[in-house]
Amino acid sequence: VTNIDIAIPPPPGQPQAAAEPPPTSNPEGKALAAKVVQAMGGLARLQAVKALRAEFNEQEPEGGGTNVEVTIQFPDQMHVGIATPQGPMTIVVTPTAGFMVPPGGGVQNLPDSAKAESLQQIHRDLVYVGQHLDDPSFIFSSGGTEKVGGLDAQVLDVSGSGSQIRWLIDPATGRIVREKYQANGPSGPFEGETDLEDWKDTNGITLPALHKNRQNGKLASTVETTKLEFNPTVDPKLFERPAN
């Protein structure tokens, strides 16, 4: 996850190509998805991840940075802590709840659209998608290339868990260089695009440490991962609604 626009980096959609996903994976798609999973560390390592905790620094184009800590319990729980000038803010999303605790306290329900988008971010996470390489309910379809700078990136459309995303992949390394998706923000739906850079190994899993997020073609944020931990001890109370 690194679409934090709650707002996790990105990044956290439907493929830019807006067509209905094919009913099954094609052989090229499965082979390319397998190459991506291998580049991230292999299926066994990814499937061993039950939770992750990450710290980010999110920079906006006009300047100023925000420190964010995200804890994800797969497949569908997320706790976000955001350091704001007014004090800490918390956002929690689970299948049955979505709320925020703003600086100063009090509990506010998230709009249904914000809750749904947060769950979509979890399901677009690279680790989560990679874990489902052999899941027949996930569709991996490849065909054609798209330019990313000077690179002829291979196109891989992914559909699963109600989420759709397009990955543009470096054929030489199997690394995803750009994601495309549709998402919802405070101003409504937008076409999202994230460049993935500075890939780093953490305990045998290689993920991008830098996410450059655009909304409708305009730079929205640059998110740098400063700390990443797999399978941390997660207190279930982290996802519970506090008393008002």
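Residues numbered from 1 in each chain as written. Predicted model: local features only at pLDDT ≥ 70, side-chain atom pairs only at ≥ 80, totals over all residues. Heavy atoms only, no water.

Quick question: what am I supposed to make of unusual backbone geometry here?
Along the chain, Phe74 connects to Pro75 via a cis peptide bond; the corresponding omega equals 15°. Counting through the fold element by element, Pro75 comes out in the loop between β2 (65-73) and β3 (77-84). For Asp198, which is not a glycine, the phi torsion comes out positive at approximately 55°. Mapped onto the elements of the fold, Asp198 is located in strand β11 (residues 188-202). Phi at Asn231 is positive, roughly 50°, even though this residue is not glycine. Note on placement: Asn231 falls in the segment after β13 (218-230). Assessed through its relative accessible area of 39%, Asn231 is described here as partly exposed. (Helix = DSSP H or I, 4+ residues; strand = E, 2+ residues; numbered from the N terminus. Buried < 20%, exposed > 50% of the residue type's maximum accessible area, 1.4 Å probe, protein only.)

Would you take a moment to explain the pattern of salt bridges for this structure?
Side chains that differ in charge, positive against negative, can pair when their charged atoms come close. On inspection of all chains with the given rule, the structure shows twelve salt bridges. Of the charged contacts in the structure, one is a salt bridge between Glu229 and Arg53, with a shortest N-O distance of 3.9 Å. In this pair, Glu229 is assigned in strand β13 and Arg53 in strand β1 (residues 51-59), connecting sequence segments 176 residues apart. For Asp195, the salt bridge is made with Arg214, and the minimal N-O distance between the two is 3.2 Å. Of this pair, Asp195 sits in strand β11 while Arg214 sits in strand β12 (residues 205-215), and the two are 19 residues apart along the sequence. The class for Asp195 is buried, based on a relative accessible area of 10%. Relative accessible area serves as the criterion here: at 15%, Arg214 is assigned to the buried category. One network of salt bridges, with partners in common, ties together Glu146, Asp157, Arg166 and Lys180. (Salt bridge = Lys/Arg side-chain N within 4 Å of Asp/Glu carboxyl O.)

When you look at the pairing of β12 in this model, what are you seeing that I'm missing?
For a regular strand, the rule is simple: side chains alternate between the two faces of the sheet. Burial runs high along β12: nine of the eleven residues are buried. By the bridge criterion, ten bridges tie β11 to β12 in an arrangement that is antiparallel. Of the residues in β12, the one forming a bridge with Glu197 is Leu210. The antiparallel hairpin formed by β11 and β12 contains two residues in its connecting segment, where Asn203 sits at a positive phi of about 55°. Two strands pair when backbone bridges link them, and β12 and β13 are joined in this way by six bridges, in the antiparallel orientation. The partner of Gln215 across the bridge, within β13, is Lys218. Linking two consecutive strands that pair antiparallel, namely β12 and β13, is a turn of two residues; a positive phi of about 55° is found at Asn216 within it. (Pairing = 2+ DSSP bridges.)

Sorry, what's going on with the confidence of the model for the protein here?
Detailed reading of the predicted coordinates is not advisable wherever pLDDT falls low. Per-chain confidence: the protein averages 89 in pLDDT, with 91% of residues scoring 70 or above. Counted against residues more than four places away or in other chains, residues 1-18, with its pLDDT under 50, gives 92 contacts. (pLDDT = per-residue confidence, 0-100. Contact = heavy atoms within 4.5 Å.)

Can you help me understand the nonpolar core in this one?
Grouped together as the largest cluster of nonpolar side chains are 46 residues, with contacts concentrated most on Phe74, Leu126, Leu156, Val158, Trp167 and Ile176. Top element by residues in this core is helix α1 (residues 27-40). It accounts for five residues. Apart from the residues lying within four places of it in its own chain, the contact partners of Leu156 are Gly29, Leu32, Ala33, Phe140, Ser141, Ser142, Ile165, Arg166, Trp167 and Ile169. Val92, Phe99, Val101 and Val107 belong to the second-largest nonpolar core, a separate cluster that totals seven residues. (Core = buried A, V, L, I, M, F, W, Y, C linked by side-chain atoms within 4.5 Å.)

Honestly, the packing of aromatic side chains in this entry has me stumped. Any pointers?
Remark: the centre distance and the inter-plane angle together describe each pair of aromatic rings, the angle taken between the planes. Tallied over the full model, the rule gives three aromatic pairs. For the ring pair Phe138 and Phe140, a centre distance of 6.5 Å and an interplane angle of 25° mean the geometry is stacked. With relative accessibility at 1%, the residue Phe140 sits in the buried group. Through a chain of ring-to-ring contacts, three or more aromatic side chains come together here, namely Phe74, Tyr128, Phe138 and Phe140. Its end group placed over the ring of Tyr181, Arg124 keeps NZ or CZ at 4.7 Å from the ring centre. (Phe/Tyr/Trp six-rings, centres within 6.5 Å; stacked < 30°, edge-to-face > 60°. Lys NZ or Arg CZ within 6 Å of the ring centre and 35° of its normal.)

Before we go on, may I ask you to explain α1 in this structure?
Because each turn of an α-helix spans 3.6 residues, side chains separated by three or four positions end up pointing in the same direction. If you check α1, its first and last C-alpha atoms are 20 Å apart, about what 14 residues at 1.5 Å a residue would give, namely 20 Å. Every buried residue belonging to α1 is among Gly29, Leu32, Ala33, Val36, Val37 and Met40, and all of these are buried. Looking straight down α1, one finds that the buried residues subtend no more than 140° of arc, so they occupy a single side. For α1, the exposed residues lying more than 90 degrees away from the buried face are Pro27 and Gln38. Following α1 by one or two positions, Gly41 adopts a phi angle in the positive range, close to 130°. (Expected span 1.5 Å × (residues − 1). Arc of directions from axis to C-beta.)

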